[in-house]
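Structural overview for review
So you can see what is in the structure, the chains are spelled out below.
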Amino acid sequence: MRILFAGSPEVAVPSLDALLESDHEIAGVLTRTDSAQGRRRVMTPTPVAARAEHAGIDVIRANRLDDEASAAIDALGVDLGVIVAYGGLVPAKVLTVPRLGWINLHFSLLPQWRGAAPVQRAIMGGDTLAGATVFQLVEKLDAGNIFATMTEPIGAQQTAGALLKQLSFSGADLLSRVVDSLADGSALAVPQSGEVTLAPKLTLNDGRIDWSLPAQAVHDQIRGVTPEPGASTQVDGKRLKVLEAAIARETPALPVGRIDFVGKKVFVGTATEPIELLRVHPEGRNAMDAAAWWRGLNSESEVVAS
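Note that the coordinates shown come from a computational prediction; the quantities given were computed from them, not determined experimentally.

**Describing unusual backbone geometry**
- Cis peptide bonds are those with omega within 30 degrees of zero, and the linkage from Leu110 to Pro111 qualifies with 15 degrees.
- With respect to the helices and strands, the residue Pro111 is situated in the loop between β7 (102–106) and α5 (118–124).
- Backbone geometry at Asp236 places phi at a positive 55 degrees, although glycine is not the residue there.
- With respect to the helices and strands, the residue Asp236 is situated in the loop between β10 (231–235) and β11 (238–247).
- Accessibility expressed as a relative area gives 54% for Asp236, which makes it exposed.
- Despite not being glycine, Lys264 shows a phi value in the positive range, around 65 degrees.
- Position of Lys264 relative to the elements: it lies in the loop between β12 (258–262) and β13 (265–268).
- Judged by relative accessible area, Lys264 falls into the exposed class, the value being 70%.

What follows is the structure in structure tokens.
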């Protein structure tokens, strides 16, 4: 089959690689436009664009599918459109361009966590099971019939970044199998069933730690927003990013937000057990072990995170 692949971030690259290694033809790649990256704001292609160009594939750069982008897609004459984290909507007039329509690899167990941040929201919601779904793309958000799903447990210390990377590879294999089944005519899609939950894009506010919550909820929040947008709190009027933490189940309770240094370890009080800070990134400094940060505070009064 002739395929148009649509994707942008690093997590979409394993799926593109899997299709490049298949018997199908990648006729083109759709991705978001280059963006300014780093302190020097260097214009940089998306990871998918870079991989496609390395493979000699024509790339359509578009943040929205206007008439020009739609015409470029139409001209490719593809049998199937495949989307993995493209980052833009496919309008109704483009949905029908490929002979078999479009399929989408989504990193959740649909209809759970429809939206832009399924892995992050699953961890923040306390889920212990994650997965990926390949479904038929329709106008309604992540609501099409399902071709296949796979599941993986969420590790107790696993961050959203680590889980998403893991799912990007297992999901690529799932996607490849669905594409093969569409090619040989054996594919079967079934309607979604179960409770619908939404996974809107994360904001900086989602990363502000609420120490008044139980320790498990605080830990889930920290893992869910790592690495982006990142977990943070205010200490002595300065922002402190929390890069890594753990629940201190055998440690005596502390008042909510109270930071204490016990046995060369840094703890913060929650509604239940304390949270141990392992690695932090203080404002204006480099990332470091939490104990090194504490020793540099030189504070003789009570320290509270807010």
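**Some details on the pairing of strand β6 (residues 80–84)**
- Most of β6 is tucked away, with five of its five residues classed as buried.
- Every second residue of β6 is oriented toward a common face, with Leu80, Val82 and Val84 on one face and Gly81 and Ile83 on the other, all of them buried.
- Relative to β6, strand β1 (residues 2–7) runs parallel, the two sharing five bridges. Note on β6: the bridge partner recorded for Ile3 is Leu80.

**Concerning the nonpolar core**
- Judged by nonpolar contacts, the single largest core of 36 residues is most densely connected at Phe5, Val82, Ile103, Phe107 and Leu175.
- A total of nine residues in this core trace back to one element, the largest contributor, which is helix α6 (residues 160–184).
- Apart from residues no more than four positions distant in its own chain, Phe107 is found in contact with Val11, Val84, Pro118, Val119, Gly131, Ala132, Leu164, Leu167 and Ser168.
- If you look at the next biggest cluster of nonpolar residues, it comprises 26 residues, including Ile209, Ala231, Ile259 and Ile275.

**What to know about the environment of Val94**
- Positionally, Val94 belongs in helix α4 (residues 92–95).
- A relative accessible area of 1% places Val94 in the buried class.
- Between the C-alpha atoms of Val94 and Asp180, which are 86 residues apart in sequence, the distance is 23 Å.
- Contacts of Val94, omitting those with residues within four sequence positions, involve Leu65, Ser70, Ile73 and Trp102.

What counts as what
Residues numbered from 1 in each chain as written. Predicted model: local features only at pLDDT ≥ 70, side-chain atom pairs only at ≥ 80, totals over all residues. Heavy atoms only, no water. Helix = DSSP H or I, 4+ residues; strand = E, 2+ residues; numbered from the N terminus. Buried < 20%, exposed > 50% of the residue type's maximum accessible area, 1.4 Å probe, protein only. Pairing = 2+ DSSP bridges. Core = buried A, V, L, I, M, F, W, Y, C linked by side-chain atoms within 4.5 Å. Contact = heavy atoms within 4.5 Å.

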